[in-house]
Amino acid sequence: MKFLFLGDVVGRSGRDAVTERLPGIIAEYGFDFVVVNGENASHGKGLTEPHFNAIRNAGADIVTLGDHAFDQRETVSFIERETTLVRPINMAPGTPGRGAMFVEGRNGHRVLVINALGRVFLPPIDDPFRAVEAAIAACPLGEQADAIIVDFHTEATSEIQAMGFFLDGKVSLVVGTHTHIPTSDQRVLKGGTALMADAGMCGDFDSIIGVDAEEPLHRFLTGMQNGRFTPAEGEATLCGVAVETDPRTGLAVKVLPVRIGGTLAQALPVF
C-alpha cells in the first residue's frame, strides 16, 4: 500500500496548491490513500465547510485538525456529520466530532486514522499516549486495519519522536504537524513504524510559518501587537511524507519526504 500525508494547509495559498496539484499527484504516483491536515486552511485558523469540501474533492480521504480545530465557529455545526473529518482524540469528553476514523480507501484498503494533540508548550489536555493506545487496541494493525496513520499535532519534536517509539511496531506512520517546519528525520524504526517529526506545511514558505512576515517580526522585535496575523499568499509548497507498507503486516518498508512546488520544491522519488 502507498499513502500520502500532507501537513498543515495554511490559508488560500495552501488550499489552492492542494486543490490544483493533489489530483495529479495521486494519479502520477498511484497513492492508495491520502490524509491532509486542514486545521489552518481557512484564513490561517480553523476549517470552514466549503474549504473542507474542497480538500476532500481534491482527493483527501481524511482531513485532520489540531489545536485550531474549532476556531471557525461553523465547524461545530458540520463536524458531527462529516465522517472523514477527524479532530484530536484527547480533547475533553463531549467535544463534537471524532478523534479516530476507520475507513476504506480507494483501492479497498482499510485504514485507521488517528489525530492527537500534544501537551508540551500547549494548553492542558488529556494524555495523548493513552488515548491513541486505546484506539489502536480496538482496531489492531494487521488484523482489522491494513494501515494506521497517527497525526500527532504538537510543538515539541521530542514529544512526537516519543510517540513514534511508543507505537513502534503497532502503526504504519507517526507524523508530526503544527510547527509548519518540515524536518529531515524521516525513517523507519526498528519495529517497522515510519516516523517524521514534522511534515511541514502546505503554504507559502516566503513567510514566517505561513504568515506574512511583517506582523510576527514586529512582535518579536517590540513585544507588542500591531495587527492580525495574515496568511502569506505567494506560491505554496506542498510538504508531507509518503509511505509504502508491507501488504502482509501494514508496517512501513519505505518513507520519503514530499516537497512539491514553491520555494522548497524537489522531485518526489518514485517508489
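See the structure above.
It should be emphasised that the depicted structure is a prediction, and the values quoted were computed from it without experimental measurement. (Residues numbered from 1 in each chain as written. Predicted model: local features only at pLDDT ≥ 70, side-chain atom pairs only at ≥ 80, totals over all residues. Heavy atoms only, no water.)

### Considering helix α2 (residues 49-58)
Taken together, the buried positions of α2 are occupied by His51, Phe52, Ile55 and Ala58. For α2, the arc enclosing every buried residue in end-on projection is 130°, short of the 170-degree limit, so these residues lie on one face. α2 presents Pro50 and Asn57 as exposed residues on the side facing more than 90 degrees away from its buried surface. Buried-residue contacts for α2 involve α1 (11-29), β3 (33-37), β4 (62-64), α3 (75-78) and β5 (85-86). Gly59 occupies a position one or two residues after α2 and carries a positive phi of about 130°. (Buried < 20%, exposed > 50% of the residue type's maximum accessible area, 1.4 Å probe, protein only. Helix = DSSP H or I, 4+ residues; strand = E, 2+ residues; numbered from the N terminus. Arc of directions from axis to C-beta. Contact = heavy atoms within 4.5 Å.)

### Overview of α1
For α1, spanning 19 residues, the distance from its first C-alpha to its last is 26 Å, which sits close to the expected 27 Å at 1.5 Å a residue. Its maximal kink placed at Arg21, α1 deviates by approximately 40°, while the proline Pro23 follows within four residues. Taken as a whole, α1 has its buried residues at Gly11, Ser13, Gly14, Arg15, Ala17, Val18, Leu22, Ile25, Ile26 and Tyr29. Note on α1: the residue one or two positions beyond its end, Gly30, has a positive phi of about 70°. (Expected span 1.5 Å × (residues − 1). Bend = angle between axes of the 7 residues up to and from the residue.)

### What about the sheet that holds strand β7 (residues 110-117)?
With mixed pairing, the 6 strands of this open sheet are ordered in space as β6-β7-β8-β9-β11-β10. Both edges of this open sheet fall to β6 (100-104) and β10 (187-188), since each of them pairs with a single strand only. The sheet contacts of helix α4 (residues 128-137) involve β6, β7 and β8 (147-153), and relative to β7 the element is tilted by about 165°. (Pairing = 2+ DSSP bridges. Axes fitted to C-alpha atoms, helices over the stretch in contact; angles between N-to-C directions.)

### What about the pattern of salt bridges?
Enumeration according to the criterion identifies 10 salt bridges in this entry. The shortest N-O distance in the salt bridge between Asp61 and Arg106 comes to 3.2 Å. Taken together, the residues span a long stretch of sequence, with Asp61 in the loop between α2 and β4 and Arg106 in the loop between β6 and β7 at a distance of 45 residues. Overall, Arg106 belongs to the partly exposed group, its relative accessible area being 37%. Across the salt bridge formed by Arg110 and Asp146, the nearest N and O atoms sit 3.2 Å from each other. Within this pair, whereas Arg110 is found in strand β7, its partner Asp146 is found in the loop between α4 and β8, the two being separated by 36 residues in sequence. Arg110 gets classed as partly exposed once you look at its relative accessible area, which sits at 32%. Judged by its relative accessible area of 25%, Asp146 is partly exposed. (Salt bridge = Lys/Arg side-chain N within 4 Å of Asp/Glu carboxyl O.)

### A word on the nonpolar core
Of all hydrophobic cores here, the largest spans 34 residues; its most connected members are Leu4, Leu22, Val36, Leu47, Leu85 and Leu238. Residue assignment for this core shows that the elements contributing at least two residues are β1 (2-6), α1, β3, α2, β13 (238-245) and β14 (252-260). Ignoring sequence-local partners within four residues, the contact set of Leu4 consists of Leu22, Ile25, Phe31, Phe33, Val34, Val35, Val241 and Val258. One finds Phe5, Leu173, Met196 and Val243 within the second-largest nonpolar core, a separate group that totals 22 residues. (Core = buried A, V, L, I, M, F, W, Y, C linked by side-chain atoms within 4.5 Å.)

### Quick notes on the state of the cysteines
The final tally for this structure, using the stated rule, is 0 disulfides. Free of any disulfide, Cys202 has its nearest cysteine sulfur in Cys239, 6.6 Å distant. (Disulfide = S-S within 2.5 Å.)

### As for the pairing of β1
Counting buried residues along β1, 4 of its 5 residues qualify, which places the element largely inside the surrounding structure. Note: β1 against β3, 4 bridges, orientation parallel. Along β3, the bridge assignment pairs Leu6 with Val36.

Everything listed is a geometric property; what it means functionally is a separate question.
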